[in-house]
Amino acid sequence: MGMTLTEKILAKASSQAVVEPGQNIWVNVDLLMTHDVCGPGTIGVFKREFGAEAKVWDSEKIVLIPDHYIFTTDVRANRNVDILRDFAREQDIKYFYDITDRADFKANPDYKGVCHIALAQEGHTRPGEVLFGTDSHTCNAGAFGQFATGIGNTDAGFIMGTGKLLIKVPSTMQFVLNGTLPDYLLAKDLILQIIGDIGVAGATYRTMEFAGETVQNLTMEERMTLCNMAIEAGGKNGTIAADETTYDYLRSRTNKPYESFYSDRDAKFYSSHSYDVSQLEPVVAKPHSPDNRALARECSDVKIDRVYIGSCTGGKTTDFINAAQILKGQKVKVPTYLVPATQKVYEDLFTQKHEGQTLSEIFIEAGCIEPAAPSCAACLGGPKDTFGRMNSAEVCVSTTNRNFPGRMGEKTAQIYLASPYTAAASALTGYVTDPREFLG
Ligand code: SF4
């Protein structure tokens, strides 16, 4: 019997020829990522269990990324970043993407921004490796053919000390996407479609493997959008087999050797789901669950108060290029917040052009609020002074990944998850809007 891509990675990581779903195995970890929200807790567990003077298992295999609550005057949030900094110095952690000057983040060459996109941009997401992160959207890196999943602080503290973790091998659900993607659809529509079909618990503790010609034709950033939201269906990890697109992306970012794995033809999948993407339409996830899917055009009577384009899911360079396509030469009707995921995406807003104008020129001319400093910002609510935070019972169309009550701040706020096209089109009308109204 063959194995799936994920099973092969886990077999290698546990030094076994074969592993099976349900089997408990010890895996050797290639990379551990933690950030300012969970890092202090992880460090606390590590020190408690391994001793105050203990050294981490490998100072070159831990990545510390302050990204969540960075641009705030909240003292506890700032203290969290200080704890990461002290620990990085104490342990000589090689990859600590520090921010030292919050007032002028551009003067911080080390600062990156949202962990999942920073990991990719800095070349940490390599095929065939095992990445654990103290963040549920660590599954984002599955786009590179990596086994990547979120864990809690206790597991992360254990990895810090040992470089190992005991896990159960997940079974794999296969999602085969074929057909030409219509020019009004984005990866966000595809994943919202899938989550709407299987529900927020539809892939609980399973791998979601995305395959098919549509997936093969997606850019790395769009592939990340698919894998990023595997956790919104309860998935243990999302994954896409590496190919030339993957290698092109990695070439300039890492020179570490890696090994790609592919599901065998006779691999046993838990289930297989096929889509003809040419038949799909732009969708949103209505409040208050990512599986509460509706066609965007069915929600055209939903009046909105703001639009938010940002996060690891919807704040990458491609996401802004897609939004700019719709916003160019138009005027927004509601406050429109732009939060680039990383410092690199921020730079791209001022250098990448669409039809002769930089993305930022297009956004400012359209009346959007000036792009914010790169961070998680209001995706996770955050302290009261967080940029874009929902502080009242407003309605927002957002390119983020979660819309549970209180996710972006105020509990009574309503969040419609959407693609950058749909978010931009909605900004232009003040209602949830199908982007086809503005695309050709
Ligand atoms: S941008 Fe949002 S989903 Fe992504 S890591 Fe930050 S808080 Fe989590």
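Residues numbered from 1 in each chain as written. Predicted model: local features only at pLDDT ≥ 70, side-chain atom pairs only at ≥ 80, totals over all residues.

1. A closer look at the overall build of the protein chain
1) Next: A tally of regular secondary structure across the protein chain gives 14 helices and 19 strands.
2) Next: A compact globule built from 440 residues should have a C-alpha radius of gyration of about 22 Å, and the protein chain, at 21 Å, falls within 12% of that.
3) Next: Each principal axis of the C-alpha atoms in the protein chain carries an extent, and together these give about 55 × 50 × 40 Å. (Helix = DSSP H or I, 4+ residues; strand = E, 2+ residues; numbered from the N terminus. Rg over C-alpha atoms; globule rule 2.2 N^0.38 Å.)

2. Quick word on helix H3 (residues 75-91)
1) Next: In this model H3 runs 24 Å from its N-terminal to its C-terminal C-alpha over 17 residues, within 8% of the 24 Å that 1.5 Å per residue would give.
2) Next: Within the sequence span of H3, burial applies to Ala 77, Asn 80, Val 81, Leu 84 and Phe 87. For H3, the buried positions fall inside an angular range of 120° around the axis, keeping them on one side. Of the exposed residues in H3, the ones pointing more than 90 degrees away from its buried face are Val 75, Arg 76, Arg 79, Asp 86, Arg 89 and Glu 90.
3) Next: Along its buried surface, H3 packs onto helix H2 (39-50) and strand S3 (62-65). (Expected span 1.5 Å × (residues − 1). Buried ≥ 20, exposed ≤ 12 C-beta atoms within 10 Å, placed from the backbone. Arc of directions from axis to C-beta. Contact = placed C-beta atoms within 7 Å.)

3. Some remarks on the site of the ligand
1) Next: Close contacts around the ligand come from 13 residues, with Ser 311, Cys 312, Cys 376, Cys 379 and Leu 380 the closest.
2) Next: Looking at the shell around the ligand, the elements that each hand over two or more residues are helix H4 (115-121) and helix H10 (311-314).
3) Next: For the shell around the ligand, the class distribution of residues is six nonpolar, six polar and one charged.
4) Next: Of the residues that make up the shell around the ligand, three or more belong to each of domain 1 (5-260 + 267-274) and domain 2 (284-433). (Near = placed C-beta within 6 Å. Nonpolar A, V, L, I, M, F, W, Y, C, P; charged D, E, K, R; others polar. Domains from an automatic or database assignment.)

4. A short note on the domain arrangement of the protein chain
1) Next: Segmentation of the protein chain into domains returns domain 1 (5-260 + 267-274) and domain 2 (284-433).
2) Next: Computed from C-alpha coordinates alone, the two centres of domain 1 and domain 2 are separated by 24 Å.
3) Next: At the interface, 37 residues of domain 1 touch 36 residues of domain 2.
4) Next: Of all the secondary structure elements, the ones that give two or more residues to the side of domain 1 that touches domain 2 are H4, helix H6 (187-198) and helix H8 (220-228).
5) Next: The residue makeup of the side of domain 1 that touches domain 2, split by class, is 15 nonpolar, 14 polar and eight charged.

5. Remarks on the sheet that holds strand S5 (residues 130-133)
1) Next: On the basis of which strands lie adjacent, the open sheet formed by five strands has the order S4-S3-S2-S5-S6 and parallel pairing. If you trace the sheet from one side to the other, it starts and ends with strand S4 (95-96) and strand S6 (147-150), each paired once.
2) Next: As paired strands, strand S2 (residues 31-35) and S3 are joined by four bridges and run parallel to one another. Residue pairing for S3: Thr 34 is matched across the bridge by Leu 64.
3) Next: Its contacts with the sheet place helix H5 (residues 153-162) against S2, S3 and S5, and it is angled at close to 130° to S2. (Pairing = 2+ DSSP bridges. Axes fitted to C-alpha atoms, helices over the stretch in contact; angles between N-to-C directions.)

6. Focus on the nonpolar core
1) Next: The biggest cluster of nonpolar side chains holds 136 residues, and the ones touching the most others in it are Leu 32, Val 284, Val 307, Cys 396, Tyr 416 and Ala 424.
2) Next: Sorting elements by how many residues they give to this core places H6 first, with seven residues.
3) Next: Two domains each put at least three residues into this core: domain 1 (5-260 + 267-274) and domain 2 (284-433).
4) Next: If near-sequence neighbours (up to four positions away) are discounted, Val 307 is found in contact with Val 334, Thr 336, Tyr 337, Cys 396, Val 397, Ala 423, Ser 426 and Ala 427. (Core = buried A, V, L, I, M, F, W, Y, C linked by C-beta atoms within 7 Å.)

7. What to know about the pairing of S6
1) Next: Neither face of S6 is left uncovered, since the one carrying Phe 147 and Thr 149 and the one carrying Ala 148 and Gly 150 both have all their residues buried.
2) Next: In this structure, S5 lies alongside S6, joined through four bridges in parallel fashion. The residue bridging Gly 133 from the neighbouring strand is Gly 150, located in S6.

8. Regarding the environment of Gly 128
1) Next: Looking at the element boundaries, Gly 128 is found in the loop between H4 and S5.
2) Next: Sequence spacing of Gly 128 and Ala 13 is 115 residues, and the spatial spacing of their C-alpha atoms is 8.9 Å.
3) Next: Setting aside residues up to four positions removed in sequence, Gly 128 forms contacts with Ile 9, Lys 12, Gly 145, Gln 146, Tyr 258, Glu 259, Ser 260 and Phe 261.

9. A short note on helix H12 (residues 343-351)
Residue pairs three or four apart in sequence face the same way in an α-helix, which turns once every 3.6 residues.
1) Next: Of the positions making up H12, those classed as buried are Gln 343, Val 345, Tyr 346 and Leu 349. Down the axis of H12, the sector holding all buried residues measures 165°, keeping them to one side.
2) Next: Buried residues along H12 sit in contact with helix H11 (317-327) and helix H13 (359-365).

10. Some remarks on the sheet that holds strand S10 (residues 237-239)
1) Next: Ordered in space as S10-S9-S8-S11, the four strands form an open sheet in which the pairing is parallel. Edge positions in the open sheet fall to S10 and strand S11 (271-276), since each of these has one partner strand only. Averaged over all adjacent pairs, the angle separating strand axes in this sheet is 20°, with direction ignored.
2) Next: Pairing between strand S8 (residues 171-178) and S11: six bridges, direction parallel. Considered in S11, the bridge of Gln 174 is made with Ser 272.
3) Next: Contacting S8, strand S9 (206-211) and S10, helix H1 (residues 5-13) runs over the sheet at an angle of about 110° to S10.

11. Focus on the packing of H2 against H5
1) Next: The interhelical angle for the contact between H2 and H5, taken along N-to-C directions, is 55°, at an axis separation of 8 Å. As judged from the angle between their axes, H2 and H5 are oblique. In terms of crossing hand, the pair formed by H2 and H5 is right-handed. When H2 is examined against H5, the residues Gly 41, Thr 42, Val 45, Phe 46, Glu 49 and Phe 50 are found in contact with a partner set consisting of Asn 153, Thr 154, Ala 156, Gly 157, Met 160 and Gly 161.
2) Next: Here the contact of H2 with H5 is composed, by residue class, of five nonpolar, six polar and one charged. (Parallel < 35°, antiparallel > 145°, perpendicular 65-115°, else oblique. Left-handed = near helix turned anticlockwise from the far one by under 90°.)

12. Considering the packing of H6 against H8
Describing two packed helices takes the angle between their axes plus the distance from one axis to the other.
1) Next: Contact geometry for H6 and H8: axes closest at 8 Å, N-to-C directions at 20°. In terms of axis orientation, H6 runs roughly parallel to H8. In terms of crossing hand, the pair formed by H6 and H8 is right-handed. Only Glu 222, Thr 225 and Leu 226 of H8 make contact with H6, whose side of the interface consists of Ala 187, Lys 188, Leu 190 and Ile 191.
2) Next: Split by residue class, the contact of H6 with H8 holds four nonpolar, one polar and two charged.

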